[in-house]
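Summary of structural features
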Amino acid sequence: MPIVHTVGGAKDPDQLGRTLMHEHVFVQDPEIMANYPHLWDESAEIDNAVTRLRALRDTGITAIADPTVLGLGRDIPRLLRVAARVPDLTIIVATGLYTYRDVPLSLHHRGPGTTLGGEDPLIPLFLHDLTEGIAGTGVRAAFLKCAADIHGLTPDVTRVLHAVIAAHHRTGAPITVHTSVTNDTPLEVQALLKAEGVDLSRVVLGHVGDSTDLDLLKRLADNGSYLGMDRFGLDLAITAEQRIETVRALCAAGYAERMVLSQDSCSHIDWFPPGVKEQMLPNWRYDYLSDTVIPALLAQDVPQSAIDQMLITNPRDYFTPA
């Protein structure tokens, strides 16, 4: 029987239900937090996360994929404290490394193309998370995450991609890649993955929903990947109306089978001073998709079957081993 590893243990992918494919709980710099603990109240932030995730569950969402990996402050013991208080929401976690340009200094002299050379030490780290568990918690990652953004496929970004590909081939774990539509990274990432033998149907191209270019999005979908229409509520690159219209148009053209939905939101993120995120981006929250986006899509003649395809069937298939 196929299984997907979650914070609460192994599940049948059919049990996931309505799944948001790109949501964070905590995003922070752990070194800053360790040295300046007065900058946040951990207990209060855990309470906030529990309240927000319970509200999300009350909208009918039953699972989230949290792609918080190295570089974003992944802390599974803290996440377990949250999950224990929201037992009816499944949380799926990832392994990988998030960087736009360089790997951490601790990796500069180890691995391919470095002073010492050899196999990339990232690979056994990713494999450990996928097969044994993270930080002694027993919680296993269920997917791989990396990034290619404004700097494109730099040598170190490409190195991380290759480590992710190696772990994918050894375990079958699917891949999510943060991309940027300000350049050609979605197509370049697809080309690299395909050249390295990755089945593109096991890949989510994150954040391509920042584009309204239907020709580009159809091309990416035709290549086989899932389109991450995953920043609803983040009204910066484009408006909510543009995001909704793009999904509507793609559904009308028969692409519901190649899209996943989400918000890329988080309960706590230290990229902004306290309260600023809520003031600047009031729609960037866990329940915006359920409360606003889905009703708008249904009102614009997107059938419930297409909504279920994007929220239930596609996530299930993504997490089902090929």
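All values derive from a computational prediction rather than experimental measurement. (Residues numbered from 1 in each chain as written. Predicted model: local features only at pLDDT ≥ 70, side-chain atom pairs only at ≥ 80, totals over all residues. Heavy atoms only, no water.)

1. Observations regarding the pattern of salt bridges
Using the criterion set out here, one finds 17 salt bridges in the structure. Salt-bridge contacts for R170 lead to E119; the nearest nitrogen and oxygen are separated by 2.8 Å. Here R170 is found in helix α5 (residues 155-171), whereas its partner E119 is found in the loop between β6 (90-96) and α4 (122-131), with 51 residues between them in sequence. Note that R248 is salt-bridged to E245, the shortest N-O span being 2.8 Å. Placement of the pair is R248 and E245 together in helix α8 (residues 240-252), with a separation of 3 residues, close to one helical turn. (Salt bridge = Lys/Arg side-chain N within 4 Å of Asp/Glu carboxyl O. Helix = DSSP H or I, 4+ residues; strand = E, 2+ residues; numbered from the N terminus.)

2. Considerations on the environment of P112
For P112, the position within the fold is in the loop between β6 and α4. For the pair P112 and R159, spaced 47 residues apart in sequence, the C-alpha separation works out to 7.9 Å.

3. Regarding α4
When α4 is considered as a whole, its buried residues turn out to be L122, I123, F126, L127, D129 and L130. Around the axis of α4, the buried residues are gathered within 160° of arc, so they sit on the same side. The secondary structure elements touched by the buried residues of α4 are β6, β7 (143-147) and α5. (Buried < 20%, exposed > 50% of the residue type's maximum accessible area, 1.4 Å probe, protein only. Arc of directions from axis to C-beta. Contact = heavy atoms within 4.5 Å.)

4. Digging into the nonpolar core
L53, L193, L227, M229, F232 and V247 are the most contacted members of the largest nonpolar core, which has 81 residues in total. Apart from the residues lying within four places of it in its own chain, the contact partners of L53 are V25, I64, V82, V86, L89 and Y286. (Core = buried A, V, L, I, M, F, W, Y, C linked by side-chain atoms within 4.5 Å.)

5. Points about unusual backbone geometry
Even without glycine at this site, H207 takes up a positive phi of about 75°. Mapped onto the elements of the fold, H207 is located in the loop between β9 (203-206) and α7 (214-222). Assessed through its relative accessible area of 1%, H207 is described here as buried. Of note in this structure, D264 is not a glycine but carries a positive phi near 55°. Mapped onto the elements, D264 comes out in the loop between β11 (259-261) and β12 (268-269). D264 sits in the buried class, given a relative accessible area of 9%.

6. Comments concerning helix α3 (residues 76-83)
Within the span of α3, buried status applies to I76, R78, L79, V82 and A83. Within α3, the buried residues cover an arc of 155° as seen down the axis, which keeps them to one side. Where α3 is buried, its residues contact β4 (26-27), α2 (42-58), β5 (63-66) and β6. For α3, the N-terminal cap is D75; the gap from its side-chain oxygen to the backbone nitrogen of R78 is 3.0 Å. (Polar contact = N/O pair within 3.5 Å; in protein donor to acceptor, adjacent residues only side chain to side chain.)

7. Observations regarding the sheet that holds strand β8 (residues 175-178)
Pairing is parallel in the open sheet, where 8 strands are placed in the order β3-β5-β6-β7-β8-β9-β10-β11. The open sheet has two edge strands, β3 (19-20) and β11, and neither has a second partner. The sheet contact formed by β8 and β9 spans 4 bridges and is parallel. Counterpart to I175 in the pairing with β9 is V203. Helix α6 (residues 185-195) contacts β8 and β9 of the sheet and is inclined by roughly 160° relative to β9. (Pairing = 2+ DSSP bridges. Axes fitted to C-alpha atoms, helices over the stretch in contact; angles between N-to-C directions.)

8. Observations concerning the packing of α4 against α5
The geometry of α4 relative to α5 is characterised by a closest axis approach of 9 Å and an angle of 40° between their N-to-C directions. For the element pair α4 / α5, the angle class is oblique. Considering how the two elements wind past one another, α4 and α5 form a crossing that is right-handed. Residues L122, I123, F126, L127, L130 and T131 of α4 touch α5, and the partners they reach there are V160, A163, V164, A166, A167, R170 and T171. Each residue belonging to the contact of α4 with α5 can be placed in one class, and the counts come to 10 nonpolar, 2 polar and 1 charged. (Parallel < 35°, antiparallel > 145°, perpendicular 65-115°, else oblique. Left-handed = near helix turned anticlockwise from the far one by under 90°. Nonpolar A, V, L, I, M, F, W, Y, C, P; charged D, E, K, R; others polar.)

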